[in-house]
Amino acid sequence: QVLLVESGGGLVQAGESLRLSCSSSLSIRYLSAMGWYRQTPGNMREKVAIITDSGRTDYEDTVKDRFTISRDNGGNTVDLQMNGLKPEDAGVYYCYAESEYFRSQGGEFDYWGEGTQVTVSA
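An account of the accompanying structure is given in this report. (Residues numbered from 1 in each chain as written. Predicted model: local features only at pLDDT ≥ 70, side-chain atom pairs only at ≥ 80, totals over all residues. Heavy atoms only, no water.)

## A word on the pairing of strand β9 (residues 91-98)
So, step 1. Within β9, 6 of the 8 residues are buried, leaving the element largely enclosed by the surrounding structure.
So, step 2. Of the pairings in the sheet, the one linking strand β4 (residues 33-39) to β9 comprises 7 bridges and is antiparallel in character. Within β9, the residue paired with Met34 across the bridge is Ala97.
So, step 3. Alignment of β9 against strand β11 (residues 116-121), held across 3 bridges, turns out to be antiparallel. In the sheet register, Gly91 faces β11, and the bridge partner there is Val118.
So, step 4. With 3 bridges connecting them, β9 and strand β10 (residues 110-112) associate as antiparallel partners. What sits directly across from Tyr96, in β10, is Trp112. (Buried < 20%, exposed > 50% of the residue type's maximum accessible area, 1.4 Å probe, protein only. Helix = DSSP H or I, 4+ residues; strand = E, 2+ residues; numbered from the N terminus. Pairing = 2+ DSSP bridges.)

This is the structure:
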């Protein structure tokens, strides 16, 4: 079992910045990919940014020029720097991780945090 805990959400005005952080209870060297998903009321949870254990990144097109995802292997965290926030960026942000290793040991493959709220005022 892997516990993911998010922090850094809040209420900001359009154009301001936030930095989200997701802390893993276990070493992230066991997590082949980590990332952030966003969900708004009545909609499906959608990918915002993903980073693999090799450092490859994948961003939603609307955030690619403004957001940066990074991994801190020593601190067992994945962060999302969010610059130039827009009202359409608002929602509940969930930390995500997947582990081929824990799956092979009889555990789960997908792991989710409980989410952190991001609100952007126009």
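Having put the structure on the table, let's press on.
## So, the environment of Asn76
So, step 1. Along the chain, Asn76 turns up in the loop between β7 (67-72) and β8 (77-82).
So, step 2. Since its relative accessible area comes to 18%, Asn76 is described here as buried.
So, step 3. Linking Asn76 and Arg19, residues 57 residues apart in sequence, is a C-alpha distance of 16 Å.
So, step 4. With sequence-adjacent residues up to four places away left out, Asn76 is seen in contact with Cys22, Ser23, Ser24, Leu26, Ser27 and Ile28.
So, step 5. A distance of 3.2 Å separates a polar atom in the side chain of Asn76 from the backbone nitrogen of Ile28. (Contact = heavy atoms within 4.5 Å. Polar contact = N/O pair within 3.5 Å; in protein donor to acceptor, adjacent residues only side chain to side chain.)

## As for the pattern of salt bridges
So, step 1. Applying the stated criterion across every chain yields a total of 4 salt bridges.
So, step 2. Here Arg38 ties to Glu60 by a salt bridge, and the two come within 3.2 Å at their closest N and O atoms. On the criterion of sequence distance, the pair formed by Arg38 in strand β4 and Glu60 in the loop between β6 (57-59) and β7 is long-range, its members being 22 residues apart.
So, step 3. For the salt bridge of Asp58 with Lys47, the shortest nitrogen-to-oxygen distance reads 2.4 Å. Taken as a pair, Asp58 in strand β6 and Lys47 in strand β5 (residues 46-52) lie far apart in primary sequence, 11 residues in all.
So, step 4. Note on Asp58: relative accessible area 34%, which makes it partly exposed. (Salt bridge = Lys/Arg side-chain N within 4 Å of Asp/Glu carboxyl O.)

In short, shape yes, function no, at least from these values alone.
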